[in-house]
Amino acid sequence: MSITATELKTNLGKYLLLSATEDVYITKNGKVIAKLTNPFQDRVQLVESLVGIIPDTVTLEEAKAERLDLI
């Protein structure tokens, strides 16, 4: 998402909340001058990529055992 510096000043709280889920680019005179982002975005993306990776037919104990090479 791209917004102007004036829009950011007017609605800072809104964009702080929004930056938790997506990058917000701030422009001034039509040029990007800053990026408002979640400092933990890498962690968020990692967790999202792992959701659903274990099939529903596998129990948590089986998944742990497989991970630890106990089976």
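For the structure, see preceding data.
Being a predicted model, the structure only gives us computed values, none of them experimental.

Participant: What is the right way to look at the overall build of the chain in this model?
Facilitator: A count of helices and strands for the chain gives 4 helices and 3 strands. Mapped in sequence order, the helices and strands of the chain form the string β-α-α-β-β-α-α. Relative to the 2.2 N^0.38 estimate, which gives 11 Å for 71 residues, the radius of gyration of the chain is 20 Å and therefore markedly larger than a compact globule would have. The burial tally for the chain puts 17% of its 71 residues in the buried class.

Participant: Can you help me understand the nonpolar core in this one?
Facilitator: Where a protein is soluble and globular, its nonpolar side chains tend to be buried together. If you look at the biggest cluster of nonpolar residues, it comprises 6 residues: Ile-3, Ala-5, Leu-8, Tyr-15, Val-24 and Ile-26. The set of elements that each furnish at least two residues to this core consists of helix H1 (5-10) and strand E2 (24-28). Discounting chain neighbours no more than four positions away, the residues touching Val-24 are Met-1, Ile-3, Tyr-15, Leu-18, Ser-19, Ala-34, Lys-35 and Leu-36.

Participant: Would you mind showing me how to read the sheet that holds strand E3 (residues 31-36) here?
Facilitator: Strands pair in a sheet through their backbones, by hydrogen bonds, and they do so in one of two ways: parallel or antiparallel. Sheet architecture is open: 3 strands sit in the order E1-E2-E3, paired in mixed fashion. The open sheet has two edge strands, strand E1 (2-4) and E3, and neither has a second partner. The average angle at which neighbouring strand axes cross in this sheet is 35°, direction not considered. Here 5 bridges tie E2 to E3, and the two strands are oriented antiparallel to one another. Paired with Ile-26 across the strands is Ala-34, a residue of E3.

Participant: Mind showing me how you'd approach the side chain of Asn-38 here?
Facilitator: Inspection of the secondary structure assignment puts Asn-38 in the loop between E3 and helix H3 (41-50). Residue class for Asn-38 comes out buried when judged on its relative accessible area of 15%. Of note is the side chain of Asn-38, whose polar atom sits 3.2 Å from the backbone oxygen of Ala-20.

Cut-offs applied
- Residues numbered from 1 in each chain as written.
- Predicted model: local features only at pLDDT ≥ 70, side-chain atom pairs only at ≥ 80, totals over all residues.
- Heavy atoms only, no water.
- Helix = DSSP H or I, 4+ residues; strand = E, 2+ residues; numbered from the N terminus.
- Rg over C-alpha atoms; globule rule 2.2 N^0.38 Å.
- Buried < 20%, exposed > 50% of the residue type's maximum accessible area, 1.4 Å probe, protein only.
- Core = buried A, V, L, I, M, F, W, Y, C linked by side-chain atoms within 4.5 Å.
- Contact = heavy atoms within 4.5 Å.
- Pairing = 2+ DSSP bridges.
- Axes fitted to C-alpha atoms, helices over the stretch in contact; angles between N-to-C directions.
- Polar contact = N/O pair within 3.5 Å; in protein donor to acceptor, adjacent residues only side chain to side chain.

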